[in-house]
Amino acid sequence: MTECPKGGHDIPDEDEVGARCEEHGVTLLWRGPPITPEDFAPEPQARRAPPPTAPRALGQHPH
């Protein structure tokens, strides 16, 4: 069973599509494979894209 994130108890209504806790108004939908701890691992620094360059202010010319 899945734990209710608001109530800290098992959600009683669960199937292959999702889970619903009527008491706390929580609905969880399953989309894709289960999340693993590796999904939250930070990416290596080298894989991150550099920040975009800021646009020039209006009225400034390169010459």
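Engineer: Now, about the environment of aspartate 13: what can you tell me, with residues and values included?
Structural biologist: One can find aspartate 13 in strand β1 (residues 13-14). Counting along the chain gives 12 residues from aspartate 13 to methionine 1, while the straight-line C-alpha distance between them is 9.1 Å.

Engineer: Lay out the sheet that holds strand β2 (residues 18-21) with the relevant residues and their values.
Structural biologist: The strand order across the open sheet formed by three strands is β1-β2-β3, and the pairing between neighbours is antiparallel. What marks the edges here is a single partner per strand, and that holds for β1 and β3 (26-29). In this structure, β1 lies alongside β2, joined through two bridges in antiparallel fashion. Bridge pairing links aspartate 13 to arginine 20 in β2.

Engineer: Before we move on, could you go through the pattern of salt bridges and cite the residues and values that matter?
Structural biologist: With the rule as written, the count across this model stands at one salt bridge. A salt bridge links glutamate 22 to arginine 20; the nearest nitrogen and oxygen atoms lie 3.2 Å apart. The exposed category is assigned to glutamate 22, whose relative accessible area is 60%.

Each value, and the rule that gives it
- Residues numbered from 1 in each chain as written.
- Predicted model: local features only at pLDDT ≥ 70, side-chain atom pairs only at ≥ 80, totals over all residues.
- Heavy atoms only, no water.
- Helix = DSSP H or I, 4+ residues; strand = E, 2+ residues; numbered from the N terminus.
- Pairing = 2+ DSSP bridges.
- Salt bridge = Lys/Arg side-chain N within 4 Å of Asp/Glu carboxyl O.
- Buried < 20%, exposed > 50% of the residue type's maximum accessible area, 1.4 Å probe, protein only.

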